[in-house]
Structures are given as C-alpha cells and as structure tokens.
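Listed below are the residues making up each chain.
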Amino acid sequence: MHCPYCQYDDTRVIDSRLNSETNQIRRRRECPKCNERFNTIETAEFSLPMIIKRDGRRVNFDEQKLRGGMLRALEKRPVAAEKLDLSVHHLIQKLRECGEREIDSLLLGEWVMEELRLLDPVAYVRFASVYRSFEDVDAFREEIQRLKKLAKEKNHARTD
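The structure displayed is predicted, hence computed values, not measured ones.

Cut-offs applied
Residues numbered from 1 in each chain as written. Predicted model: local features only at pLDDT ≥ 70, side-chain atom pairs only at ≥ 80, totals over all residues. Heavy atoms only, no water. Helix = DSSP H or I, 4+ residues; strand = E, 2+ residues; numbered from the N terminus. Rg over C-alpha atoms; globule rule 2.2 N^0.38 Å. Buried < 20%, exposed > 50% of the residue type's maximum accessible area, 1.4 Å probe, protein only. Contact = heavy atoms within 4.5 Å. Areas by Shrake-Rupley, 256 points an atom, 1.4 Å probe, with all protein chains shown as cover. Lys, Arg positive; Asp, Glu negative; His and termini not counted. Charge placed at Lys NZ, Arg CZ, Asp CG, Glu CD. Pairing = 2+ DSSP bridges. Axes fitted to C-alpha atoms, helices over the stretch in contact; angles between N-to-C directions.

Colleague: Account for the overall build of the protein chain, naming residues and giving values.
Modeller: Tallying secondary structure elements over the protein chain gives five helices and six strands in all. Going from N to C terminus, the protein chain has its helices and strands arranged as β-β-β-β-β-α-α-β-α-α-α. Taking 160 residues into account, the globule formula puts the C-alpha radius of gyration at 15 Å, and the protein chain, at 21 Å, lies well above it. Across its three principal axes, the protein chain shows a C-alpha extent of roughly 70 × 40 × 30 Å. For the protein chain, the residues scored as buried account for 30% of the 160 residues in total. Residue pairs at least 24 apart in sequence account for 43% of intrachain contacts in the protein chain once pairs closer than 6 positions are excluded. Just so you have it, the protein chain exposes about 11300 Å², and 49% of that area is on carbon and sulfur atoms. In the protein chain, 31 side chains carry a positive charge and 29 a negative one; their mean positions are 3 Å apart.

See below:
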C-alpha cells in the first residue's frame, strides 16, 4: 500500500478490525519513511449477477443506483442512514446467495420493495408507485390497502 503522504510504496499494518455487518476490514497503517498514519478499508470483491432490464438489455449491478433509488423513496423520511446501509447490504447478500449469473430486474425490484416496506411504509409506496407505474389514485389506494392487510396479518400473528 502506497503512503498517501509521501508515496512510499511499503507501509505497515498496525491494527486490523473486521466489521462483520459489512464484511469490510479497517486497517490502521503507518509509513516507515514519513511516520504518518492513515486508515484503509478493504472490501472483498464478489461477482454479482448481471441485471436483465425490462427491455432485455443486460447491465452490471450498480450499488450506487440501487442506493440512489432507495434514497429517493426515503427522502424526508425518519430512517437512519445505518438502516439504509444494512438494507443495501442485505440486498447485495441476497444477490450473491441467489447463485445466478443473471437476474431479472423485476425480481430485484420486488426485493427492494420488501426492504423498503420493512424500513418505512411511505417509502415503500413511493417506490412501488414508480416501479409498478401506478396510473391513477385507485392504484395507490389498492397498494395501501394491501400494505394495511399485511400489517394487520403481521400484528395478528404476534398476538397468537
């Protein structure tokens, strides 16, 4: 690892810590030439499935695009950034574990809606309205009724 201060090409690791939630390794490093210290974060690179778009195109999975879509749905909603990060991590984990080389964008969209439903019902409806191309107020009403029914079933299951 090159030192970001003096560009010396051999720094040493002082400390390493694993973040088990994100599977990242945080390393504290020191440059033997200039004695500056700095942190690095390492993430293992995994090959994720290609995404098959509605028009048949195949594109690489883009975490920033996924996060951006979820952020738009969560805009001005009381959801902590850490919860969004965990949802994105969960979705990436699900993509890895599916074992497919390609996955339909419709399935990924359903997974995103499920994560948003768990995070915030308003964000879920916002995302669903764009994702499912709601044409009128009735489509919103139907989706909200479906969401209420799911919540009622969930509450009923807890009391049993």
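Moving on from the coordinates now.
Colleague: Hey, could you go over the sheet that holds strand β1 (residues 12-19) for me, with residue numbers and the actual values?
Modeller: Ordered in space as β1-β2-β3, the three strands form an open sheet in which the pairing is antiparallel. Sheet topology places β1 and β3 (37-43) at the edges, where each strand pairs with a single neighbour. For this sheet, the mean inter-axis angle between neighbouring strands, taken without regard to orientation, is 20 degrees. The pairing of β1 with strand β2 (residues 24-30) spans seven bridges and is classified as antiparallel. Bridging from a neighbouring strand, N19 pairs with Q24 of β2.

Colleague: How would you summarise unusual backbone geometry if you had to cite specific residues and measurements?
Modeller: One non-glycine residue, Q7, lies in positive phi territory at about 70 degrees. Among the structural elements, Q7 can be located in the segment before β1. Unusually for a residue other than glycine, K76 sits at a positive phi of about 60 degrees. Looking at where K76 falls in the secondary structure, it is placed in the loop between α1 (63-74) and α2 (81-97). Residue K76 is classed as exposed on the basis of its relative accessible area, which comes to 77%.

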